[in-house]
Amino acid sequence: MDRRSLLHTSAAMAAGAVSGCALPGQAQSSAKTPFEVAATTIPIVGSDQRFPVRRIYCIGRNYAAHAREMGSDPTREPPFFFQKPSDAIQNVAPGTVADHAYPTLTKNYHYECELVAALHKGGRDIAPEQALDCVFGYAIGLDMTRRDLQRGMGDQKKPWEIGKSFDHSAPIGPIHPVARLGGHPAKGSIWLKVNGQTKQDADLSQMIWSVAEQIAQLSRAFELQPGDLIYSGTPENVGPVVRGDVIDCHIDGLPNLGLKIV
Ligand code: MN
């Protein structure tokens, strides 16, 4: 098959993508390129394979108390989504404290500890009852945020990218396959400490939209694909870190994630 008919075939496959939690068409054939672009991958616990990252979706204001601290009313405004670039991932090995560079341009750099769902199937208009079939596994992650820039842009009704979607803004631990976890985490402690002092302390059951509901909602707006990650939102008591601070965060059933701000 020549290159043109390959392109036709993949376009037809894309157009014919089915609703529900479906396996995707084949990946693009390997085209000749003038230089290489590094792929983003995350270690998979208990495997020599790595999880290839396609997109990073993040959910905003998915815990009521955090929505209120951000100035919105969770009974009137539903959670919403934004994205980070896939190369914003910073892999952090369990049992280590990784150096994390304080980013440029901000004077108010915030942590947000979050459960991350990693998808191995996708689709459009996925029913909540089928959504968890799309989840390959889970990890602990941080949605690091230049809060002053996020707020400043929000105040001007401009996009948030500069506050949320910058380099290394998505530290993450390894991905634990669902089978290894013995199921999908729907409750359990989620906490974050800075220099040993507890800052965030909540329970996964306090999410407004469950992971299944997040997948269902997202799939109405975007066709989800294998390799997509969903940062499922942070609980209340987000706050700042400065150079020298050590972050230790935890979700029941997953190893802690440690960072030192440098
Ligand atoms: Mn977040």
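Check the entry above for the structure.
Here the residue numbering is sequential within each chain, running from 1 through the sequence in written order. The model is predicted, so local features are restricted to residues of pLDDT at least 70 and side-chain atom pairs to those at 80 or more, both for listing and for counting; the totals for chains, interfaces and linings are taken over all residues.

A. Inspection of the overall build of the chain at higher detail. Scanning the chain for helices and strands turns up 7 helices and 18 strands. Field definition: a residue is buried when 20 or more other C-beta atoms are found within 10 Å of its C-beta, exposed when 12 or fewer are, and partly exposed for counts in between, with C-beta atoms placed from the backbone. Here the chain holds 262 residues, and 37% of them are scored as buried. Here contacts are defined at the residue level, using C-beta atoms placed from the backbone and a cut-off of 7 Å between them. Within the chain, counting contacts between residues at least 6 apart in sequence, those at least 24 apart form 74% of the total. To qualify as a helix, a DSSP run of H or I must reach at least 4 residues; to qualify as a strand, a run of E must reach at least 2; elements of each kind are numbered from the N terminus.

B. Molecular detail of the sheet that holds strand β14 (residues 197-203). Overall, mixed pairing links the 5 strands, which are arranged β6-β18-β17-β13-β14 in an open sheet. Strand pairing shows two members of the sheet lacking a second neighbour, β6 (97-100) and β14, which therefore form its edges. For this sheet the average axis-to-axis angle between neighbouring strands, irrespective of direction, equals 20°. Here, any two strands with at least 2 DSSP bridges between them count as paired. In this sheet, strand β18 (residues 257-261) lies alongside β6 in parallel orientation, the contact comprising 4 bridges. A fitted line through C-alpha atoms represents every axis, and for helices the fit uses only the stretch in contact; the resulting angles, taken between N-to-C directions, go from 0 to 180 degrees.

C. Spatial organisation of the sheet that holds strand β7 (residues 109-111). Taken in spatial order, the 3 strands line up as β10-β7-β16 in an open sheet, and their pairing is antiparallel. Of all strands in the sheet, those with a lone pairing partner are β10 (145-146) and β16 (239-241), marking the two edges. Pairing of β7 with β16, which is carried by 3 bridges, proceeds in the antiparallel orientation. Residue pairing for β16: Y109 is matched across the bridge by V241.

D. Up close: the nonpolar core. Only buried Ala, Val, Leu, Ile, Met, Phe, Trp, Tyr and Cys residues enter a nonpolar core, and they are joined through C-beta atoms within 7 Å. Ranked by internal contacts, the top residues of the largest apolar core, which has 53 residues, are V116, A118, A139, I215 and I230. It is strand β8 (residues 113-119) that contributes the most residues to this core, 6 residues altogether. The contact partners of A118, leaving out residues within four places of it in the chain, are F51, V135, F136, G137, Y138, A139, I175 and L229.

E. Geometry of helix α4 (residues 147-155). Restricting attention to buried positions, one finds in α4 the residues R147, L149 and Q150. Mapping the buried residues of α4 onto a view down its axis gives an arc of 165°, with all of them on the same face. At its buried positions, α4 is contacted by β7, β10 and α5 (161-164). Looking one or two residues past α4, K157 carries a phi angle of roughly 55°, positive in sign. Here the arc refers to the directions that run from the helix axis out to each C-beta atom.

F. Structural view of the pairing of β8. Counting buried positions along β8 gives 7 out of 7 residues, so the element sits mostly inside the fold. Going residue by residue along β8, you find C113, L115, A117 and L119 tucked away on one face and E114, V116 and A118 tucked away on the opposite face as well. Alignment of β8 against strand β9 (residues 135-142), held across 7 bridges, turns out to be antiparallel. Opposite C113, over in β9, you have L142 as the bridge partner. Taken together, the 3 bridges between β8 and strand β15 (residues 229-231) define a ladder with antiparallel strand orientation. Its bridge partner lying in β15, A118 is registered against L229.

G. Main features of the environment of A65. Checked against the element boundaries, A65 lands in helix α2 (residues 64-69). We classify A65 as partly exposed; it has 13 C-beta atoms within 10 Å. Here the alpha-carbon distance between A65 and P235, two residues 170 residues apart in the chain, equals 6.9 Å.

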